[in-house]
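A closer look at the structure
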Amino acid sequence: MQWLTSREGDLAVAMAGGNPSRFSTYANEELNAPYPWSATFGEALADADPDWRPIIPPWGRINADIGTTMSQVLTEGLDPQEALDGIAERTRTLMEEEGYYTWQ
């Protein structure tokens, strides 16, 4: 873990196409030569909320559904709109079952 999160390790991960964990890596000139959007992305992260997700018990199931379904878009050719519509429908059903939609 020390190597992976070190300046050198983080840069190596980023140069291989991974996501850096250090703000300094996003600003690194060596990284920005092949990935010019990295600096802008790093700047945007400074204002991002790392705890953006809803803090509710069903979130784990919703997040897993999003990840699995979007993976199918990339690996199995599932239509993106069909995938998003399916996620929305399953999320609404789950939220109703969990009692989050109580209005009539």
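One can find the structure itself at the top, above this paragraph.
Note that the coordinates shown come from a computational prediction; the quantities given were computed from them, not determined experimentally.

So, on to the packing of aromatic side chains. By convention here, two paired aromatic rings are described through the distance between centres and the angle between planes. Enumeration according to the criterion identifies 3 aromatic pairs in this entry. Residues Tyr 26 and Phe 41 carry aromatic rings whose centres are separated by 5.6 Å and whose planes lie at 45° to one another, so their mutual orientation is tilted. Residue Tyr 26 is found in helix H3 (residues 23-26), and its partner Phe 41 is found in helix H5 (residues 38-45); the two are separated by 15 residues along the sequence. By relative accessible area, which is 6% here, Tyr 26 ends up buried. Given the relative accessible area of 44%, Phe 41 is considered partly exposed. Between the aromatic rings of Trp 52 and Trp 59, the centroid separation amounts to 5.5 Å while the plane-to-plane angle is 85°, which identifies the pairing as edge-to-face.

What follows deals with the pattern of salt bridges. A full pass over the atoms with the stated rule returns 4 salt bridges. Between Asp 51 and Arg 53 there is a salt bridge; the shortest N-O distance is 2.1 Å. Note on Asp 51: relative accessible area 41%, which makes it partly exposed. The shortest N-O distance in the salt bridge between Arg 92 and Glu 96 comes to 3.9 Å. Taken as a pair, Arg 92 and Glu 96 lie in helix H7 (residues 80-97) at a separation of 4 residues, close to a single helical turn. Owing to a relative accessible area of 42%, Arg 92 belongs among the partly exposed residues under this scheme.

Turning next to a nonpolar patch on the surface. A contiguous nonpolar surface patch, about 450 Å² in accessible area, is contributed by Phe 23, Trp 37, Phe 41 and Leu 45. Relative to the assigned elements, Trp 37 resides in the loop between helix H4 (29-32) and H5.

This brings us to the packing of helix H6 (residues 59-76) against H7. Axis separation between H6 and H7 bottoms out at 10 Å; the angle between their running directions is 165°. What the angle tells us is that H6 and H7 run roughly antiparallel. Crossing angle aside, the handedness with which H6 passes H7 is right-handed. Each of Arg 61, Ile 62, Asp 65, Ile 66, Thr 69, Met 70 and Val 73 in H6 lies in contact with H7, whose residues at this interface are Pro 80, Ala 83, Leu 84, Ile 87, Arg 90, Thr 91, Leu 94 and Met 95. A breakdown of the residues in the contact of H6 with H7 according to their chemical character gives 10 nonpolar, 2 polar and 3 charged.

Rules used throughout
Residue indices follow the written sequence of each chain, beginning from 1 at its first position. Totals for whole chains, interfaces and linings use every residue, but because this is a predicted model, local features are given only for residues with pLDDT of at least 70 and side-chain atom pairs only at 80 or more, for both listing and counting. Note that the side-chain values use all heavy atoms of the structure and ignore hydrogens as well as water. Only Phe, Tyr and Trp rings are paired, with Trp represented by its six-membered ring, and only when their centres lie within 6.5 Å; those with planes under 30 degrees apart are stacked, over 60 edge-to-face, the remainder tilted. Secondary structure elements are defined from DSSP: runs of H or I of at least 4 residues count as helices, runs of E of at least 2 residues count as strands, and each element is numbered from the N terminus. Note on exposure labels: buried denotes an accessible area under 20% of the residue type's maximum, exposed denotes more than 50%, and partly exposed covers the range between, all computed with a 1.4 Å probe on protein chains only. Note on definitions: salt bridges are taken to be side-chain nitrogens of Lys or Arg within 4 Å of carboxyl oxygens of Asp or Glu. To count toward a patch, a residue needs a relative accessible area over 30% and no salt bridge; like charges are then connected within 9 Å, while nonpolar side chains (Val, Leu, Ile, Met, Phe, Trp, Tyr) are connected within 5 Å. Methods summary: accessible areas were calculated by the Shrake-Rupley approach with a probe of 1.4 Å, and residue burial reflects only the protein chains presented. For helices, the fitted axis covers only the stretch in contact; all axes are lines through C-alpha atoms, and the angles between them, taken along N-to-C directions, range from 0 to 180 degrees. Angle categories are assigned with fixed cut-offs, so that under 35 degrees is roughly parallel, over 145 is roughly antiparallel, 65 to 115 is roughly perpendicular, and the rest are oblique. Crossing handedness: left-handed means the near helix sits turned counterclockwise from the far one by under a right angle, and right-handed means the same turn made clockwise. Any pair of residues with heavy atoms lying within 4.5 Å of one another is described as a contacting pair. Residues are grouped as follows: Ala, Val, Leu, Ile, Met, Phe, Trp, Tyr, Cys and Pro are nonpolar; Asp, Glu, Lys and Arg are charged; all remaining types, including Gly, are polar.

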